[in-house]
Amino acid sequence: MDDSKATPECPRSAVSSAVGLVGLAGLCLFYLAVRLWHWDAPWVPLAGLAACALPMIGWSLLVDRVHRNPTSGIDWDGPPRSWRDAFDTGLVKLAGLWATWGLIACFYALGRWYWEGGYLYAMQVLSGVLIPLAALSIPYVIWLDRRLIDRQDGAWAFGHWLMTLGRDFDPALIPRLAEHARSWAIKGFFTAFMFSTLPGNWSAAVHIYPEQMWADPVKLAEATVALMFLVDVSIGTVGYILTFRPLDAHIRSGNPFMQGWVAALICYPPFILMNGGGPLDYGQGQLGWEAAFSDHPLLQPLWAFALMGLTGCYAWATVAFGIRFSNLTYRGVLTNGPYRFTKHPAYLSKNLYWWMAALPVLTTTGWWGDAARNTVILGLISAVYYWRARTEERHLLREDPAYAAYAGWMADHGVITKWFVRAARLAKAPAGAAVVAPAE
């Protein structure tokens, strides 16, 4: 059967391209204001989040009208439930929601790494917004419950379990309880991490000096990388914050596979294995592209532009998510932007960047053993990201038939993906057998 005939069109993306672009525009304007007026205060990273979040929220609601999507689970056309009815159910949900926040707070309190370094900023922000969030959650939960189609969500299941002390708890609600736990574990873990990186990213981005950039390709590459990381972290943080049903950006499911969690968590502190001195530290005696091409006036700027392009692709992959970026979650299938070229543009560009920037075969020691060790370790890191991609695809294929259609379309039409598929077919597929598009 001809796969191209079976999937003639790429499935529609759950997020329009414009959402991320208007958020990027807002962030750029705020960055220019910070540079122009020399703002340097702890509130700058938070204001930067607002600068990119508000345009994305406005576009999503006013132009894309995402609150009307059937996937939001909200009925806007029928008569709302009474406030009294919603209040009774809302109390159960609030009990579950606040207890969840309390458990996350206990996790923060127990984790020593949350009280040092960049995480201190995250703890200050999260503790500062706790009381306002608790107050605002009361009218929000009750208002939303008046129009929810399915009222017995994960928060309600957890609240019901707490109020009944687990007695006579309906076993049918256990999957919802488990989903609630997975979703909030992801949100709690990664939101703190994202906030911890914001001050450092803003500091690097605002301390860029154009006069150095134009004279030195290394400085130009470093400045571009700093700006792209600022874009990535800012829009990514907004994605973790705005998990709201009226924006159709709620977490529909957290990855249920343990392999997916292991593959993801070893890439982030405190479990990270790739940091300096860690088991997957590939930088021992590393020469790096800057020194390797210091005597090549043509090759060094070409290499710098290649690294800048890869970082730009990495940031573009986050921008394309708009308000729906988060690890280990399903929040709708994304098929536009760089996801028309490859199913995993962020992972692919990030790993290519590491290989080109590190050049692991070149070391300051000149010993082949160091070069071999660094090369093998970097290869293992790329294998980890391949593992992450496979577990993510397994999750998405389980949740949404649209992802299978997208994978089928990409197998024949994805500019990068189709070559991986063809290579896989030549390497191992029996004649006439169907091949699932690999996680390139």
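Okay, so let's go over this structure. The structure presented is a predicted model; accordingly, all values stated were derived computationally and were not measured.

### Brief notes about the nonpolar core
F190, W202, V238 and W289 are the most contacted members of the largest nonpolar core, which totals 95 residues. It is helix α9 (residues 217-241) that provides the largest number of residues to this core, a total of twelve residues. In this view, W289 contacts P217, V218, A221, Q300, W303, A304, L307, M356, A357 and L359; residues no more than four positions away in its chain are not counted. Counting residues in each nonpolar core, the second largest holds seven residues, with A157, F158, F169 and L177 among its members.

### Quick look at helix α13 (residues 345-358)
Along its 14 residues, α13 runs 20 Å from first to last C-alpha, staying within 8% of the 20 Å computed at 1.5 Å per residue. Here α13 has its buried residues at P345, A346, Y347, L348, S349, K350, N351, Y353, A357 and A358. Those residues of α13 that are buried are in contact with α9, α11 (288-292), α12 (299-319) and α14 (368-399).

### Side note on unusual backbone geometry
Here P269 and P270 are connected by a cis peptide whose omega angle stands at 5°. Here P270 lies in the loop between α10 (258-265) and α11. You will see that R65, though not glycine, has its phi angle at about 50°, which is positive. With respect to the secondary-structure elements, R65 resides in the loop between α3 (43-62) and α4 (83-110). Take R65: its relative accessible area is 41%, and that puts it in the partly exposed class. Not every positive phi belongs to a glycine, and L328 is a case in point at roughly 60°. Assignment of secondary structure puts L328 in the loop between α12 and β2 (329-330). With a relative accessible area of 5%, L328 lands in the buried category.

### A closer look at a nonpolar patch on the surface
Among the surface-exposed residues, W316, F341, V415, I416 and F420 lie close enough to one another that they form a single nonpolar patch of about 410 Å² accessible area. Mapped onto the secondary structure, I416 falls in the loop between α15 (401-413) and α16 (417-428). Among the residues examined, I416 registers a relative accessible area of 30% and is labelled partly exposed.

### Details of the packing of aromatic side chains
Summed over the entire model, instances satisfying the criterion amount to 30 aromatic pairs. Between Y114 and Y119, the ring centres sit 4.9 Å apart and the planes meet at 80°, which makes this aromatic pair edge-to-face. A residue is classified by how much of its surface remains accessible, and Y114, at 0% relative accessible area, is buried. We classify Y119 as buried; its relative accessible area is 7%. Both rings, one in F158 and one in W161, keep their centres 6.2 Å apart while their planes meet at 20°; by these two values the pair is stacked. Within this pair, F158 and its partner W161 are both found in helix α6 (residues 154-163), separated by three residues, close to a single helical turn. With a relative accessible area of 36%, W161 lands in the partly exposed category. Grouped by ring-pair contacts, the aromatic residues F189, F190, F193, Y240, Y268, F271, F321, F325 and Y339 constitute a single cluster. Here the basic side chain of R340 rests over the ring of W409, its NZ or CZ set 5.5 Å away from the ring centre.

### Some thoughts on the pattern of salt bridges
This model, assessed by the stated rule, comprises 13 salt bridges. A salt bridge links D85 to R151; its shortest N-O distance comes to 3.3 Å. With a gap of 66 residues between them, D85 in helix α4 and R151 in the loop between α5 (119-145) and α6 connect regions that are remote in the sequence. With its nearest N and O atoms 2.8 Å apart, the salt bridge here joins D145 to K93.

### Quick notes on α3
Compared with the 28 Å implied by 1.5 Å per residue over 20 residues, the 28 Å span of α3 between its first and last C-alpha is a close match. In this fold, the buried residues of α3 make contact with α2 (17-37), α5, α7 (174-206) and α9.

### Overview of the side chain of T391
Mapping T391 onto the fold places it in helix α14. Leave out the neighbours within four places in its chain, and T391 touches N255, F257, Q259 and G260.

### Quick look at the environment of W261
Mapped onto the fold, W261 is located in helix α10. On the basis of relative accessible area, W261 is assigned to the buried category, the value being 18%. Taking C-alpha positions, W261 is 32 Å from P55, a pair spaced 206 residues apart along the chain. When neighbours within four sequence positions are excluded, W261 is seen to be in contact with R182, A185, I186, N255 and L328.

### Observations concerning the packing of α4 against α7
Two elements in contact, α4 and α7, have axes separated by 11 Å at closest approach and are oriented at 45°. With respect to α7, the axis of α4 lies oblique. For the element pair α4 and α7, the recorded crossing hand is right-handed. When α4 is examined against α7, the residues G96, L97, T100, W101, I104, F107 and Y108 are found in contact with a partner set consisting of H180, W184, G188, F189 and A192. Residues belonging to the contact of α4 with α7 are distributed by class as follows: eight nonpolar, four polar and no charged.

What counts and what doesn't
- Residues numbered from 1 in each chain as written.
- Predicted model: local features only at pLDDT ≥ 70, side-chain atom pairs only at ≥ 80, totals over all residues.
- Heavy atoms only, no water.
- Core = buried A, V, L, I, M, F, W, Y, C linked by side-chain atoms within 4.5 Å.
- Buried < 20%, exposed > 50% of the residue type's maximum accessible area, 1.4 Å probe, protein only.
- Helix = DSSP H or I, 4+ residues; strand = E, 2+ residues; numbered from the N terminus.
- Contact = heavy atoms within 4.5 Å.
- Expected span 1.5 Å × (residues − 1).
- Patch = residues over 30% accessible without salt bridge, like charges linked within 9 Å, V, L, I, M, F, W, Y side chains within 5 Å.
- Areas by Shrake-Rupley, 256 points an atom, 1.4 Å probe, with all protein chains shown as cover.
- Salt bridge = Lys/Arg side-chain N within 4 Å of Asp/Glu carboxyl O.
- Phe/Tyr/Trp six-rings, centres within 6.5 Å; stacked < 30°, edge-to-face > 60°.
- Lys NZ or Arg CZ within 6 Å of the ring centre and 35° of its normal.
- Axes fitted to C-alpha atoms, helices over the stretch in contact; angles between N-to-C directions.
- Parallel < 35°, antiparallel > 145°, perpendicular 65-115°, else oblique.
- Left-handed = near helix turned anticlockwise from the far one by under 90°.
- Nonpolar A, V, L, I, M, F, W, Y, C, P; charged D, E, K, R; others polar.

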